[in-house]
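Inside the fold
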Amino acid sequence: MSDEPSKDSPESPSEVGGTGSDTGSDTHTESDSDSGPGPTEDTGDDGDPIDETNGSDAADDASERATDGGSAGGASGDGGPDDPSEDRVSEESITEGSLIRPLFHLAWPIVVIQLLQVMYNVVDTLYLGRLSAEAVGAISLAFPLIFLLIAVAGGFTTAGAILVAQYTGADGDRSAGLVAGQTIFSVSVLSVLIGVAGYFYTRPALEILPSDPDTAATVIPLAADYMEIIFLGIPLMFGFFVFSALMRGYGDTRTPMAVMVVSVFLNVLLDPFLIFGFSANPLFEWLAAVPLVAALDPVGIQESLFAATGFTGYGIEGAAMATIFSRGVATAIGLWLLFATGLGPAVSVSHLRPDLGFIEDIFRLGLPSSVEQTTSALAMITLTAMVVTFSPPVVAAYGLGNRLISLVFLPAMGLGRAIDTMVGQNLGANRADRAARSVKLAASTGAGVMFLVALVAVTFTEPIVGAFLGDVPDAPATVAYAVEYVQIRSVEFAFIGVSQVILGAFRGAGNTKTAMVISILTLWVGRVASVAYLVFVAGWGETGIWVGMALGNVLGALVGVAWFARGTWTERYIDDPAPDVDPVGDD
């Protein structure tokens, strides 16, 4: 298989789990080969030990852009003081000077936003762990099925971000606003259809999972209750996803981050009350342990409130309600910011009127990304189907361990998404040598950071895992399994750092097919096939699950590095759009 460079916007951000899209065949069928038109620059000195540029590189960059008109006039050398938006990293700061600074500035908002995303799941797990181990197992079963349908629309939010980024970069503010409006319309309609389908397919889908009798009796009904509420509120969840993607495409990452802070705060506040009500609410017990607050007698206040209301909460359904309400508030704030303020692309109500041309472009760009995300979701569901053949403590440990590892994953994800922008812009500026050095810097940084995280995870696994489960039935067994799971998977942490950066490099270079192949190998061969063999053939039991899960990113990193070393990823093409080129071609 050859690395086919596709004309994917190097600045287009990817959604959670997304990989970008290969759009070359959609608008430029003449350039779907390794050797695109125009000059390409070989890295030449891959062994160059210098992984940061200094004044000489900056001078080279300046002269190159002066020749081909790559940067806007009047921008300062570091992309800072003269940039009208502090949130948008200018081309100059990425294609000249230090590599560390733009890598950090691109990565940290992504890490924070993803951390806030994970907070939803962690808070639910923290409180539901005080309800029962079965409730923790239920949300671990629910997530892959929910993600499957979210992935269908996820690619289209990515498409909107890509188009907004292209039009904004071309100073086409009116077109960016129109694309934003069409994305909001398209995803809103799609989210309603997904919500209805998800609500009615939830219980039948769960019933076909081969499961342990105890799991079928105690965990699956709770998962169905949770999922039905979530699917009813899917349009409210998608609204924030669209807002975040459009703002990121426009170059503003701090505003979505601020909105996420509000949303997470609401979720943290509502969760204990909607889950437990005023009966055995752990929040009041925790407040009673705080010296100054204890003087107010929180437990006594809880007893008084229960006597007055008799409210015992909604259990696992309350966690779903808190998430939907919090997302709904974030969606309302996001839409208000887009339509009523000067932040983001200039969107008006008239832009919501369906425009078939733009909708076609959104679907053309979004479908490949949706297919890849859906494939990933199917792999997760397949793994879940194998896990539920075990007892509830194993199922709960699998879910709990995955929640914790999702936190560990964040630094690598941030570096991976930052590097696709750095690679894309540097290749666009004919700086393949600088793009290669940025990948090496990010990969080594990611591996080093993740190795340190692994040491912490191995040393403090038991107290970290134990904090998520209270004195509930099966808690000791669940904690023991989860500790084993996290410690075994810590072996792959450094490989996660490398694999995410390599995948980001391929996407930034436009080789989205290569990234897709590596992702499929990581999930379906490295994980699904390994778990199936170790559990059902080798007879390793639950240990086979833990080891098989760890093999995925190890395989992905090894394949990715080998593929990256071929050097074909540096070959790209840049086409100059004619005035009558359709929207997808305008970059």
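Residues numbered from 1 in each chain as written. Predicted model: local features only at pLDDT ≥ 70, side-chain atom pairs only at ≥ 80, totals over all residues. Heavy atoms only, no water.

A short note on the overall build of the protein
Scanning the protein for helices and strands turns up 22 helices and zero strands. The burial tally for the protein puts 56% of its 587 residues in the buried class. Split by element, the accessible area of the protein, about 22,600 Å² in all, is 66% carbon and sulfur. (Helix = DSSP H or I, 4+ residues; strand = E, 2+ residues; numbered from the N terminus. Buried < 20%, exposed > 50% of the residue type's maximum accessible area, 1.4 Å probe, protein only. Areas by Shrake-Rupley, 256 points an atom, 1.4 Å probe, with all protein chains shown as cover.)

Some thoughts on the pattern of salt bridges
Applying the stated criterion across every chain, the model contains four salt bridges. In this structure, Arg203 engages Asp225 in a salt bridge whose closest nitrogen and oxygen atoms are separated by 2.7 Å. Here the residue Arg203 occupies a position in helix H6 (residues 173-207), and Asp225 occupies one in helix H8 (residues 220-232), the gap between them amounting to 22 residues. A relative accessible area of 32% places Arg203 in the partly exposed class. (Salt bridge = Lys/Arg side-chain N within 4 Å of Asp/Glu carboxyl O.)

Remarks on the packing of helix H10 (residues 254-276) against helix H14 (residues 316-340)
Across the interface, H10 lies against H14 with an axial gap of 8 Å and an inter-helix angle of 155°. Taken together, the axes of H10 and H14 are roughly antiparallel relative to one another. Every pair of crossing elements has a handedness; the one defined by H10 and H14 is right-handed. Contact residues: Thr255, Val259, Met260, Val262, Ser263, Leu266, Asn267, Leu270, Asp271, Leu274 and Ile275 in H10; Gly318, Ala319, Met321, Ala322, Thr323, Phe325, Ser326, Arg327, Val329, Ala330, Ile333 and Leu337 in H14. Classifying every residue of the contact of H10 with H14 by side-chain character gives 15 nonpolar, six polar and two charged. (Axes fitted to C-alpha atoms, helices over the stretch in contact; angles between N-to-C directions. Parallel < 35°, antiparallel > 145°, perpendicular 65-115°, else oblique. Left-handed = near helix turned anticlockwise from the far one by under 90°. Contact = heavy atoms within 4.5 Å. Nonpolar A, V, L, I, M, F, W, Y, C, P; charged D, E, K, R; others polar.)

Brief notes about the packing of helix H4 (residues 100-131) against H14
In the contact formed by H4 and H14, the axes pass within 10 Å of each other and the chain directions differ by 160°. Overall, the two elements H4 and H14 adopt an arrangement that is roughly antiparallel. Crossing handedness for the pair H4 and H14: right-handed. Here Gln117, Tyr120, Asp124, Leu128 and Leu131 of H4 lie close against H14, whose contacting residues are Ile316, Ala319, Thr323, Ser326 and Arg327.

Considering the packing of aromatic side chains
In the structure shown here, the tally under the stated rule is twelve aromatic pairs. Look at Phe273 and Phe284: their rings are 6.0 Å apart centre to centre, the planes differ by 85°, and that puts the pair in the edge-to-face class. One end of the pair, Phe273, is in helix H10; the other, Phe284, is in helix H11 (residues 282-288), with eleven residues separating them in the sequence. Judged by its relative accessible area of 25%, Phe273 falls in the partly exposed class. An angle of 65° between the planes, with centres 5.4 Å apart, marks the rings of Phe311 and Tyr314 as edge-to-face. Taken together, the ring pairs connect Phe273, Phe278, Phe284, Phe311 and Tyr314 into an aromatic cluster. (Phe/Tyr/Trp six-rings, centres within 6.5 Å; stacked < 30°, edge-to-face > 60°.)

Describing a nonpolar patch on the surface
Taken together, the side chains of Val192, Val196, Tyr199, Phe200 and Leu232 present a nonpolar region at the surface, about 500 Å² in accessible area. Sort the elements by how many residues they give to the nonpolar patch and H6 lands first, with four residues. Relative to the elements of secondary structure, Tyr199 occurs in helix H6. (Patch = residues over 30% accessible without salt bridge, like charges linked within 9 Å, V, L, I, M, F, W, Y side chains within 5 Å.)

Focus on the nonpolar core
Judged by nonpolar contacts, the single largest core of 110 residues is most densely connected at Tyr226 and Ile545. If one sorts the elements of this core by residue count, helix H5 (residues 133-169) sits on top with 16 residues. Counting residues in each nonpolar core, the second largest holds 28 residues, with Leu415, Ala418, Val439 and Ala505 among its members. (Core = buried A, V, L, I, M, F, W, Y, C linked by side-chain atoms within 4.5 Å.)

Some thoughts on unusual backbone geometry
With a phi close to 55°, Ala280 is a non-glycine residue in the positive phi region. Within the secondary structure, Ala280 is located in the loop between H10 and H11. Of note, Asp297 is a non-glycine position whose phi angle comes to about 55°, a positive value. Here Asp297 shows up in the loop between helix H12 (291-294) and helix H13 (298-309).

Scope: geometric values only; no functional claims are made or implied.
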